[in-house]
Number of protein chains: 2
Amino acid sequence: DIVALVDHGRTGVLAGKTVVITAGPTREPIDPVRYISNHSSGKMGYALASEAQKAGARVILVSGPVALSAPNGVEVRPVLTAEDMLQEASNAVDEGCDLFIATAAVADYRPETCAGDKIKKSSDAMALSLVRNPDTLATIAGRDDAPFSVGFAAETTDVASYATDKMQRKKLNMIVANDVSTPGLGFNSDNNAVSVFWPGGQTSIGPDSKTNIARQLVAMIGEHLGQAAR
Amino acid sequence: DIVALVDHGRTGVLAGKTVVITAGPTREPIDPVRYISNHSSGKMGYALASEAQKAGARVILVSGPVALSAPNGVEVRPVLTAEDMLQEASNAVDEGCDLFIATAAVADYRPETCAGDKIKKSSDAMALSLVRNPDTLATIAGRDDAPFSVGFAAETTDVASYATDKMQRKKLNMIVANDVSTPGLGFNSDNNAVSVFWPGGQTSIGPDSKTNIARQLVAMIGEHLGQAAR
């Protein structure tokens, strides 16, 4: 049919590419009722998924719990914890992936144990033992068969130096940094302003809507991906 | 105008009463990005607010962060933390309140300190020090001028004994208990089944939609409130 024909002959900067994107927060259970999470709305990741799809890519969106609908033509694979996120993202990359974009705000730590029943209030204070979660982005960008890997950095201080350090440490091809402490931008907002770093260069985008920033990022990533020799 | 006239002459089991309802989870910040929360959707509290309003009451809904719209004719006062919740609920009760219904899943503990900047990943494990939060329901139900106070209990084991113990300990007039471990009911679901306890009696409602359960609860609370001598 017409739609399928059009779809097969897609054009755009990411035509013929498979893109795996992570988005949203993770939730790390303390017990059946309580959890640790963070303020990620998933909006940036969902906007990038939508724009990557429009740019011709097949898009798989590995998403933590958010209040957003699946973008048109994008396959959403829901996850809850950081361990789920690594597993699903790795599975998706195993299936063949040209570009990996990690926008998810994965919890760095999880409670060491998840209580089977709701924990009772028994004392005035308690210590919650936390252990490090696996690092989805570093794991995938560090693979021998790593796709072109783009990370995000949400920082409140020294944004540029933390972002470029993270890019080098995690072997990323590109990192997008935003200062989440700026009022009205970033987490839970519809607007954002970002700085983009790659080995040997940098640029800034915005302030603008997350949709417009996503469109410009997809164009920029597509250009770098085309130049990449790896 | 007509609407105002009708409104002033409202009938229903809660006509002329002021009702303060708490709903949703609280969020206890770990740092500017991370927080501890719980799986409360706020649906039960919002349904009760809507039904209490339809039953003739003036309704103030003190609500944690949820993805729900304000019910028609209900004043929503948004809060984030357990400390905010106690402050706003106390303020609302101070203004004059006949009936207090606490459906909120207030976090029992909060991080002892909230870091001003995002905490860096520095070690494989860490201990998060938690301290007890104030108890909004016990504080309001324990006031000398306490309104008729209804609590909710979300338990995974020994539901009836925990609920009646909580009712006595917190000096409640009524407690509504649901077993959050039942699949498809309770947290985040549109359906629920509850057991209601008061000094000297008990009954069960549901399984049914949260709207229908809220309607029956409002009728039952209105009857007990009418009989109460306090």
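Residues numbered from 1 in each chain as written. Chains lettered and ligands numbered in written order. Predicted model: local features only at pLDDT ≥ 70, side-chain atom pairs only at ≥ 80, totals over all residues. Heavy atoms only, no water.

### Remarks on the packing of aromatic side chains
Enumeration according to the criterion identifies zero aromatic pairs over all chains in this entry. Above the ring of Tyr109 of chain A, the side-chain terminus of Arg132 of chain A is found at 5.9 Å from the ring centroid. (Phe/Tyr/Trp six-rings, centres within 6.5 Å; stacked < 30°, edge-to-face > 60°. Lys NZ or Arg CZ within 6 Å of the ring centre and 35° of its normal.)

### Here we look at the interface of chain A and chain B
Between chain A and chain B, the contact holds 36 residues from the first and 35 residues from the second. The junction of chain A with chain B conceals about 3,400 Å² of combined surface from both sides, 51% of it contributed by carbon and sulfur atoms. Of all the secondary structure elements, the ones that give two or more residues to the side of chain A that touches chain B are strand E3 (34-38), strand E8 (125-132) and strand E9 (148-155) of chain A. Counting residues per element, the side of chain A that touches chain B draws most heavily on E8 of chain A, at eight residues. Class assignment for the residues of the side of chain A that touches chain B results in 16 nonpolar, eight polar and 12 charged. In terms of strand pairing, E3 of chain A meets strand E3 (residues 34-38) of chain B through five bridges, oriented antiparallel. Pairing of Ser37 of chain A across the sheet is with Tyr35 of chain B, part of E3 of chain B. (Contact = heavy atoms within 4.5 Å. Buried area = accessible area lost by both parts, 1.4 Å probe. Helix = DSSP H or I, 4+ residues; strand = E, 2+ residues; numbered from the N terminus. Nonpolar A, V, L, I, M, F, W, Y, C, P; charged D, E, K, R; others polar. Pairing = 2+ DSSP bridges.)

### Details of the relation of the copies chain A and chain B
In screw terms, the move from chain A to chain B is a rotation of 179° and a rise of 0.0 Å along the axis, fitting with an RMSD of 0.0 Å. The transformation relating the two chain copies, once decomposed into turn and shift, fits a two-fold axis. A high fraction, 97%, of the interface residues of chain A reappear at the interface in chain B, so the copies pair face to face through one surface. (Least-squares fit on C-alpha atoms with pLDDT ≥ 70 in both.)

### Here we look at the sheet that holds E8 of chain A
The strand order across the open sheet formed by four strands is E7(A)-E8(A)-E8(B)-E7(B), and the pairing between neighbours is antiparallel. Taken across any chain shown, the strands that pair with only one partner, and hence form the sheet edges, are strand E7 (109-111) of chain A together with strand E7 (109-111) of chain B. Across the sheet, the axes of successive neighbouring strands diverge by a mean angle of 45°, strand direction being ignored. (Axes fitted to C-alpha atoms, helices over the stretch in contact; angles between N-to-C directions.)

### Digging into the environment of Ile175 of chain B
All names here are of chain B. Take Ile175: it is sitting in strand E10 (residues 174-179). Counting along the chain gives 10 residues from Ile175 to Asp165, while the straight-line C-alpha distance between them is 10.0 Å. What Ile175 contacts, discounting residues up to four positions off in sequence, is Gly151, Phe152, Ala153, Ala163, Lys166, Met167, Ser195, Val196 and Phe197.

### A short note on the side chain of Ser90 of chain A
Inspection of the secondary structure assignment puts Ser90 of chain A in helix H3 (residues 82-94). Given the relative accessible area of 14%, Ser90 of chain A is considered buried. (Buried < 20%, exposed > 50% of the residue type's maximum accessible area, 1.4 Å probe, protein only.)

### What to know about the side chain of Thr103 of chain A
Residue and element names in this part refer to chain A. Within the secondary structure layout, Thr103 lies in the loop between strand E6 (99-102) and E7. By relative accessible area, Thr103 is classed as buried at 13%. At 2.5 Å, the side chain of Thr103 forms a polar contact with the backbone oxygen of Thr22. Among all residues touching Thr103, those that are not within four sequence positions of it are Ile21, Thr22, Ala23, Gly45, Leu48 and Phe152. (Polar contact = N/O pair within 3.5 Å; in protein donor to acceptor, adjacent residues only side chain to side chain.)

### Regarding the sheet that holds strand E2 (residues 28-29) of chain B
Two orientations exist for strands paired in a sheet by backbone hydrogen bonds: parallel and antiparallel. With antiparallel pairing, four strands are arranged side by side in an open sheet as E2(A)-E3(A)-E3(B)-E2(B). The sheet is open, and its two borders are formed by strand E2 (28-29) of chain A together with E2 of chain B, each paired with just one other strand.

### Re the pairing of strand E9 (residues 148-155) of chain B
Residue and element names in this part refer to chain B. Of all eight residues in E9, eight are buried; the element is thus mostly enclosed. Of the two faces of E9, the one holding Phe148, Val150, Phe152 and Ala154 and the one holding Ser149, Gly151, Ala153 and Glu155 are both buried throughout. Relative to E9, strand E6 (residues 99-102) is paired through four bridges, and the arrangement is parallel. Within E9, the position partnered with Leu99 by the bridge is Phe148.

### Overview of the confidence of the model for chain A
Chain-level statistics for chain A give a pLDDT mean of 88 and a share of 87% at 70 or above. Throughout residues 1-6 of chain A the model reports pLDDT below 50, and contacts reaching past four residues in sequence, or to other chains, amount to zero contacts. (pLDDT = per-residue confidence, 0-100.)

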